[in-house]
Amino acid sequence: MKFTFALLLCAVLSSCSSDDDMEDLAGQTGDLVIKFDNGVGDQDFIFQTSYNKSNGESFKLETLKYIISNIRFKDDEGNVFMYPSEKNVFIVNEADGNNAGEIWVTLEDIDAANYTEVTFGIGIDQDRFALGADGQGDFLTEAENEGMLWSWATGFKFIRFDGTYSTSTVTDEGLNLHMGSVGTALDNYKETILSLPNTVLVRNEKTPEIHIKADILKAFESVTSVNFADGYDQVHVDAVETPVIAANVATMFSVHHVHND
């Protein structure tokens, strides 16, 4: 009888403790950092370094930028927190990386929860584009200054890879991948969903960090392997080439690790 009572008491106390933990999170918010770390295969990315593709071509880049938007998180109960739309668009520019080659995106006032999944878009979705030039806020100017805009009518460059490529027959030919949507006529916006290797604990006294690796090689070799010599050295608004690159780019990202300290 005493043993049964002890078990019952333990269960009640455990339940109360869980309820208290849930109540403690109510109304709490915290910051969260996403660290984007660009690489090529298992190598670190370094400007003007030559990297090989499986088809014998090589490339080196002097510009590496892409647009990330619509970041949202799913918690362990299935609830989704979407970062506020007006702030939920960022240019990840390799030139802004720290000494470790990481580009930090700091998200403020995230609802406190135990998050298990992160989703984000690569580029600008049609709903945001439909807000018009005035509806882009400060981001329109930022994109223009960063060279991530063709013109308002044409739209944004979702990625910008500039450099050169070489094959067995040519050396240091121009390479420019400027994939994006073309107004409403061609939608190349993609999203990627990443499971987190361990739970991200957002609390008002913690700033967890999610370290995301981006494998640039997959932009050229993933869903479809492309040859620079076959026309993929200059990708801009072509209705055939840009969707191929968009599908590849959506596979570039993976979560390397998570810090909750």
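Naming follows an unreviewed UniProt entry, where the chain appears as Copper-binding protein MbnP-like domain-containing protein of Flavivirga aquimarina.

**Q** Which residues make up the overall build of the chain, and what are the values?
**A** Scanning the chain from N- to C-terminus turns up four helices and 16 strands. Along the three orthogonal principal directions, the C-alpha set of the chain runs to about 85 × 40 × 30 Å. Expressed as a percentage of the 261 residues in the chain, the buried residues total 48%. Distance between charge centres in the chain, computed from 16 positive and 43 negative side chains, equals 3 Å.

**Q** Could you give me a rundown of helix 3 (residues 138-145), with the residues and numbers involved?
**A** One turn of the α-helix equals 3.6 residues, which is why residues spaced by three or four share an orientation. Three or more residues of helix 3 are buried, namely Phe-139, Leu-140 and Ala-143. All buried residues of helix 3 lie within an arc of 105° about the axis, which places them on one face of the element. Facing away from the buried side of helix 3 by over 90 degrees, the exposed positions are Asp-138, Glu-144 and Asn-145. Those residues of helix 3 that are buried lie in contact with strand 4 (58-75), strand 6 (89-93), strand 9 (149-151) and strand 10 (155-156). Immediately beyond the C-terminal end of helix 3, within one or two residues, lies Gly-147, with a positive phi of roughly 70°.

**Q** Talk me through the environment of Tyr-115; I want residue IDs and the actual numbers.
**A** When you line up the elements, Tyr-115 lands in strand 8 (residues 113-122). Residues Tyr-115 and Val-89 lie 26 residues apart in sequence; the distance between their C-alpha atoms is 20 Å. If we ignore the near neighbours within four places in the chain, the residues touching Tyr-115 are Phe-73, Lys-74, Asp-75, Phe-81, Ile-110, Leu-196, Asn-198, Thr-199, Val-200 and Val-202. A distance of 2.7 Å separates a polar atom in the side chain of Tyr-115 from the backbone oxygen of Asp-111.

**Q** I'd like a description of the nonpolar core, backed by residues and values.
**A** If you look at the biggest cluster of nonpolar residues, it comprises 69 residues, and the most contacted ones within it are Phe-36, Phe-59, Phe-73 and Phe-253. The biggest single contributor to this core is strand 4, with eight residues. If sequence neighbours within four positions are ignored, Phe-36 has contacts with Tyr-66, Ile-68, Val-92, Gly-101, Glu-102, Ile-103, Val-105, Phe-120, Ile-212 and Phe-253.

**Q** Run through unusual backbone geometry, naming residues and quoting values.
**A** Backbone geometry at Asn-70 places phi at a positive 55°, although glycine is not the residue there. Tracing the sequence through the fold places Asn-70 in strand 4. You can call Asn-70 buried: its relative accessible area is 11%. For Asp-109, which is not a glycine, the phi torsion comes out positive at approximately 60°. Inspection of the secondary structure assignment puts Asp-109 in strand 7 (residues 102-111).

**Q** Mind laying out the pattern of salt bridges, listing which residues take part and the relevant values?
**A** Overall, the coordinates contain nine salt bridges when judged by the stated rule. Between Glu-102 and Lys-35 there is a salt bridge, with its nearest N and O atoms 3.9 Å apart. Note that Glu-102 is positioned in strand 7 and Lys-35 in strand 1 (residues 29-40), a separation of 67 residues in sequence. Between Glu-209 and Lys-35 there is a salt bridge whose closest N-O contact spans 2.7 Å. Residue Glu-209 is found in strand 14 (residues 209-215), and its partner Lys-35 is found in strand 1; the two are separated by 174 residues along the sequence.

**Q** Requested: an account of the UniProt feature "domain: Copper-binding protein MbnP-like" (unreviewed entry) in the chain, with residues and values cited.
**A** Per the UniProt record, the feature "domain: Copper-binding protein MbnP-like" (unreviewed entry) sits at residues 29-229. Split by type, residues 29-229 is 6% helix and 50% strand. Its first and last C-alpha atoms lie 51 Å apart.

**Q** Go over the environment of His-178 with me, naming the residues and quoting the values.
**A** Inspection of the secondary structure puts His-178 in the loop between strand 12 (173-177) and strand 13 (190-202). Taking the C-alpha atoms as reference points, His-178 and Arg-160, separated by 18 residues in sequence, lie 4.7 Å from one another. Beyond its immediate chain neighbours, meaning those up to four positions away, His-178 contacts Trp-150, Lys-157, Ile-159, Arg-160, Phe-161, Asp-162, Val-235 and His-236. Side chain to side chain, His-178 and Asp-162 meet in a polar contact 2.6 Å long.

How each quantity is defined
- Residues numbered from 1 in each chain as written.
- Predicted model: local features only at pLDDT ≥ 70, side-chain atom pairs only at ≥ 80, totals over all residues.
- Heavy atoms only, no water.
- Helix = DSSP H or I, 4+ residues; strand = E, 2+ residues; numbered from the N terminus.
- Buried < 20%, exposed > 50% of the residue type's maximum accessible area, 1.4 Å probe, protein only.
- Lys, Arg positive; Asp, Glu negative; His and termini not counted.
- Charge placed at Lys NZ, Arg CZ, Asp CG, Glu CD.
- Arc of directions from axis to C-beta.
- Contact = heavy atoms within 4.5 Å.
- Polar contact = N/O pair within 3.5 Å; in protein donor to acceptor, adjacent residues only side chain to side chain.
- Core = buried A, V, L, I, M, F, W, Y, C linked by side-chain atoms within 4.5 Å.
- Salt bridge = Lys/Arg side-chain N within 4 Å of Asp/Glu carboxyl O.
- UniProt positions renumbered as here; feature names shortened; annotations may be inferred.

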